[in-house]
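# Analysis of the macromolecular model
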Amino acid sequence: MDEQDSNSQSEIRDPQSLILFDNVSKFYGEILGVNRVTLSLAPGITSLVGPNGAGKTTLMNLMTGLLRPTVGRVSVLGIPTDRPEQLFPKVGYCSQFDSFPRGLTGREFINAFLMVSGFSRKQSQDLTDEALARVDLMAAADRKIGAYSKGMRQRVRLAQSIAHHPCVLILDEPLNGLDPIVRAETIALFKDLAAQGLHLIVSSHILHEVDMMSDRVVLLNNGYVVAEGGIQGVRDEMEEHPMQILIRCNQPSLLAARVFRSDHVVEARLHNDRQGLFVKTRNADQFYLLLNEVVSQGEIELESVAPVDDDLSAVYEYLIGSH
Amino acid sequence: MSATATTIQDRQMHAPISIRLRQIAAIMRLEVKKNFFGKRAFLVYLLALMPIGLLGIIAILPPQAREWLDFSGYPKLFSGIYSALILRTVIFFGCAWIFMNLFRGEIVDRSLHYYFLAAVRRDVLIAGKYFSGLVTSIVLFAGLTIVSMLLFFFPHFYAASVRFFLDGPGLTQLWTYVAITVLACVGYGAFFLVVGLFVRNPIIPALVLYGWEWINFLLPPLLKKISVIHYLNSLVPVPISEGPFAVVAEPTPAWISVPGLLIVTAVVMLLAGVRIRRMEIRYGSE
């Protein structure tokens with residue numbers, strides 16, 4: 001990937017506009033979180049990609065001061081991460097912790113933490129309403145968060161992280177739990193925020209999502225940055241590498257016969273329980289179109305369609321192996 | 001940078017005191033509500049009701065022992081009940097529960113990170129949480145002290161109690177007990193807040209301190225001074241005997257014990273301020 005390119009860009013940028021990791025290592029006792037990470041992230045959407053345990057959340061927690069580096073230094077727009085009063089007017093973090101202070105409504109939750117940040121009551125109320133509207137949660141704003149669905153909890157966390165208009169937004173698996181429509185709207189919101197000149201740091205283990213929204217990727221594996229650079233390189237490599245999808249349906253053999261005629265399908269294998277079909281395809285989008293066509297003919301009833309995690313790991317390995 | 005971020009940062013730099021006071025008030029609003037109406041408040045209410053229940057039973061079924069029949073012995077009897085039941089047990093464990101949960105409870109609930117991700121200095125967070133604990137404990141336990149004293153005196157000797165409170169030393173004693181309660185909340189509160197920050201299982205240090213406070217009467221004079229209860233007992237308006245095995249020590253005068261407790265509290269809070277600056281959010285390891 002364009003490692004050299006990105007480095008030369010970083011050198012000419014003002015450090016006050018960058019997120020910098022300077023030889024950062026983080027150990028949890030004897031367990032490695034991340035090791036010798038040196039990065040400079042410029043404005044735009046940067047995705048941290050890697051399998052579970054790769055160090056994505058650790059990097060995000062280091063950027064926000066929730067963790068302190070064992071070795072090295074982290075700064076965000078020139079601010080050391082141990083100064084929350086300077087850092088968090090500029091930074092919003094939508095973490096993966098799916099928990100909230102007890103007994104609060106969505107509106108109270110966002111409003112309360114804006115006031116903790118020093119906003120006046122009136123400012124907090126206005127910013128809360130704006131953030132709730134932005135994530136389409138106004139209708140449920142006065143319900144207790146405890147009664148929210150997973151997707152609504154994800155959205156209220158997102159609203160809380162953007163409410164104060166940060167210029168750096170850090171999002172840990174922000175699309176988890178969202179339905180396809182909200183997912184598309186949220187991706188559009190991210191692109192809109194990035195177009196306004198914000199830093200967006202997004203973690204994901206779903207390469208397809210990363211592909212849709214990122215300007216740059218940082219590929220992590222076992223606590224190491226294995227590659228970083230423009231999304232085009234990853235996209236090209238993904239297109240060359242087959243993606244595996246599991247389709248649960250009532251007639252997997254028939255489905256196999258239908259899909260195997262297509263050029264981009266390289267393998268179709270029945271699941272052991274004979275209730276599903278593993279398909280390897282070089283072009284996921286084309287495959288989904290084909291699947292829609294087959295299903296619309298009415299002979300096959302679909303139960304579920306999901307990318308297979310093992311294969312995702314294989315893609316990571318493939319990408320990692322190529323560098 | 002967005003306009004809002006600039007505004008808040010400018011204000012943080014140019015008017016730090018007013019911003020910090022506003023932040024402390026915002027933290028207190030959140031925490032006091034939780035302390036009074038959250039699920040964890042149930043145990044504190046149960047503790048606070050314990051002496052009231054006991055004194056209610058005594059009001060209905062007065063003991064027949066000689067000292068309970070003579071009003072002149074009542075101030076001493078109440079002093080004993082206050083010291084043993086209210087101060088050493090209810091206030092001690094009540095403060096332990098309230099103050100340890102300010103941080104430990106949020107770690108258990110996995111919600112402390114929201115505070116750490118707000119544009120607030122962590123020592124301001126400590127102050128906000130501590131003051132919210134103080135408001136909760138003082139309202140509860142000062143109220144408990146007043147109700148307990150009135151419930152103790154009035155049912156059996158109404159006329160004598162009216163004279164005791166309006167013309168005698170009753171009211172002064174009542175306010176002294178309330179002041180001791182406030183000081184106990186200040187001192188124990190700071191200790192338990194720090195314990196909640198430092199120790200994963202705070203029950204053990206709480207029990208160790210409880211034991212230390214209970215054996216205080218057996219300790220030599222120098223060791224007695226390394227406790228909260230020694231200074232609080234020195235302030236009790238009606239001194240009580242600590243039993244035949246007690247090691248007698250001069251009570252510490254109020255002009256030393258009160259500022260002494262406040263200074264120790266301030267030092268403990270400074271320690272908490274240093275500790276929280278280095279604190280990490282790692283719920284998985286808790």
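The rules behind each value
Positions within a chain are numbered from 1, following the residues in the order the chain's sequence is written. Here chains are named by letter from A upward and ligands by number from 1 upward, in the order in which they appear as written. Where totals are concerned, whole chains, interfaces and linings use all residues; where local detail is concerned, this predicted model gives features only for residues with pLDDT of at least 70, and gives and counts side-chain atom pairs only at 80 or more. Each helix is a run of DSSP H or I of at least 4 residues and each strand a run of E of at least 2, with the numbering of both proceeding from the N terminus. Exposure criterion: with C-beta atoms placed from backbone coordinates, a residue whose C-beta has 20 or more other C-beta atoms within 10 Å is buried, one with 12 or fewer is exposed, and one in between is partly exposed. Throughout, a pair of residues is in contact if the C-beta atoms placed from their backbones lie within 7 Å. Two strands are counted as paired when DSSP detects at least two bridges linking them. Simply put, an axis is a line fit to the C-alpha atoms, just over the touching stretch for a helix, and the angle between two N-to-C directions goes from 0 to 180 degrees. Residue polarity follows a fixed list, in which Ala, Val, Leu, Ile, Met, Phe, Trp, Tyr, Cys and Pro are nonpolar, Asp, Glu, Lys and Arg are charged, and the others, Gly among them, are polar. pLDDT runs from 0 to 100 and stands for how confident the predictor is about each residue. Joining buried Ala, Val, Leu, Ile, Met, Phe, Trp, Tyr and Cys residues through C-beta atoms within 7 Å gives a set, and that set is a nonpolar core.

Within chain B one finds twelve helices and zero strands. Starting at the N terminus, the α and β elements of chain B follow one another as α-α-α-α-α-α-α-α-α-α-α-α. In terms of overall dimensions, chain B has a C-alpha envelope of 75 × 40 × 35 Å along the principal axes. Among the 286 residues that make up chain B, the fraction classed as buried is 38%. The contacts in chain B between residues at least 6 apart in sequence include a share of 86% that link residues at least 24 apart.

This part is about the sheet that holds strand S13 (residues 276-281) of chain A. Residues and elements named next belong to chain A. On the basis of which strands lie adjacent, the open sheet formed by four strands has the order S12-S13-S11-S14 and antiparallel pairing. Edge positions in the open sheet fall to strand S12 (265-270) and strand S14 (302-307), since each of these has one partner strand only. Strand-to-strand twist in this sheet, taken as the mean axis angle between neighbours without regard to direction, amounts to 20 degrees. Running at roughly 170 degrees to S12, helix H10 (residues 252-259) makes contact with strand S11 (243-249), S12 and S13 of the sheet. Contacting S11, S12, S13 and S14, helix H11 (residues 284-296) runs over the sheet at an angle of about 140 degrees to S13.

Residues and elements named next belong to chain A. Taken in spatial order, the six strands make up an open sheet running S6-S7-S8-S3-S9-S10, and their pairing is mixed. On the outer flanks of this sheet lie strand S6 (91-94) and strand S10 (224-230), each paired with one strand and no other. On average, each strand axis in the sheet is tilted by 15 degrees relative to the strand beside it, whichever way the strands run. Relative to strand S8 (residues 199-204), strand S3 (residues 44-49) runs parallel, the two sharing six bridges. Considered in S8, the bridge of Ile45 is made with Leu200. Sheet strands touched by helix H7 (residues 180-195): S3, strand S7 (168-172) and S8. Its angle to S8, the strand with the most contacts, is close to 150 degrees.

On to the pairing of S12(A), then. Residues in a regular strand point their side chains to alternate faces of the sheet. Residue and element names in this part refer to chain A. When S12 meets S13, the two strands line up antiparallel, connected through five bridges. Each bridged residue has a counterpart across the sheet, and for Arg269 the counterpart in S13 is Phe278. Where S12 hands over to S13, the hairpin turn is made up of five residues, of which Arg274 adopts a positive phi near 60 degrees.

Interface size is commonly expressed as the accessible area that is lost once the parts come together. Across the boundary between the two partners, chain B contributes 35 residues, which contact 31 residues of chain A. Taken together, the elements giving at least two residues each to the side of chain B that touches chain A come down to helix H1 (3-14), helix H2 (16-37) and helix H5 (113-116) of chain B. Ranked by residues supplied to the side of chain B that touches chain A, first place goes to H2(B) with seven residues. In terms of residue class, the side of chain B that touches chain A is made up of 16 nonpolar, eight polar and eleven charged.

This part covers the environment of Val135(A). All names here are of chain A. Structurally, Val135 can be placed in the loop between helix H5 (121-134) and helix H6 (150-162). On the basis of neighbour count, Val135 is assigned to the buried category, with 22 C-beta atoms found within 10 Å. C-alpha separation for the pair Val135 and Ala268, spaced 133 residues apart in sequence, amounts to 39 Å.

In this section: the confidence of the model for chain A. Of the residues in chain A, 87% have a pLDDT of 70 or more, and the chain-wide mean is 85. Counted against residues more than four places away or in other chains, residues 1-11 of chain A, with its pLDDT under 50, gives 17 contacts.

Our focus in this paragraph is unusual backbone geometry. All names here are of chain A. The phi torsion at Arg36 lies on the positive side, around 50 degrees, for a residue other than glycine. Of note, the phi angle at His165 is positive, near 60 degrees, even though the residue is not glycine. In this fold, His165 is placed in the loop between H6 and S7. Residue classification places His165 among the buried residues on the basis of 23 C-beta atoms within 10 Å.

What follows deals with the nonpolar core. Counting 135 residues, the largest nonpolar core has Ala159(A), Ile91(B) and Phe192(B) as the members making the most contacts within it. With 16 residues, helix H4 (residues 74-109) of chain B is the largest single contributor of residues to this core. The residues contacting Phe192(B), other than those within four sequence positions of it, are Cys95(B), Ala96(B), Phe99(B), Met100(B) and Ala206(B). Counting residues in each nonpolar core, the second largest holds twelve residues, with Met243(A), Val279(A), Ala284(A) and Phe287(A) among its members.

What follows deals with the pairing of strand S9 (residues 216-221) of chain A. Residue and element names in this part refer to chain A. As paired strands, S3 and S9 are joined by four bridges and run parallel to one another. Note on S9: the bridge partner recorded for Leu48 is Val218. Between the end of S9 and the start of S10, which pair antiparallel, lie two residues, with Asn222 showing a positive phi angle near 50 degrees.

All names here are of chain A. Secondary-structure assignment places Met63 in helix H2 (residues 56-63). Assessed through the 26 C-beta atoms surrounding it within 10 Å, Met63 is described here as buried. Taking the C-alpha atoms as reference points, Met63 and Phe21, separated by 42 residues in sequence, lie 8.5 Å from one another. Setting aside residues no more than four positions away along its own chain, Met63 makes contact with Ile19, Val74, Val76, Thr81, Ile170 and Ile201.

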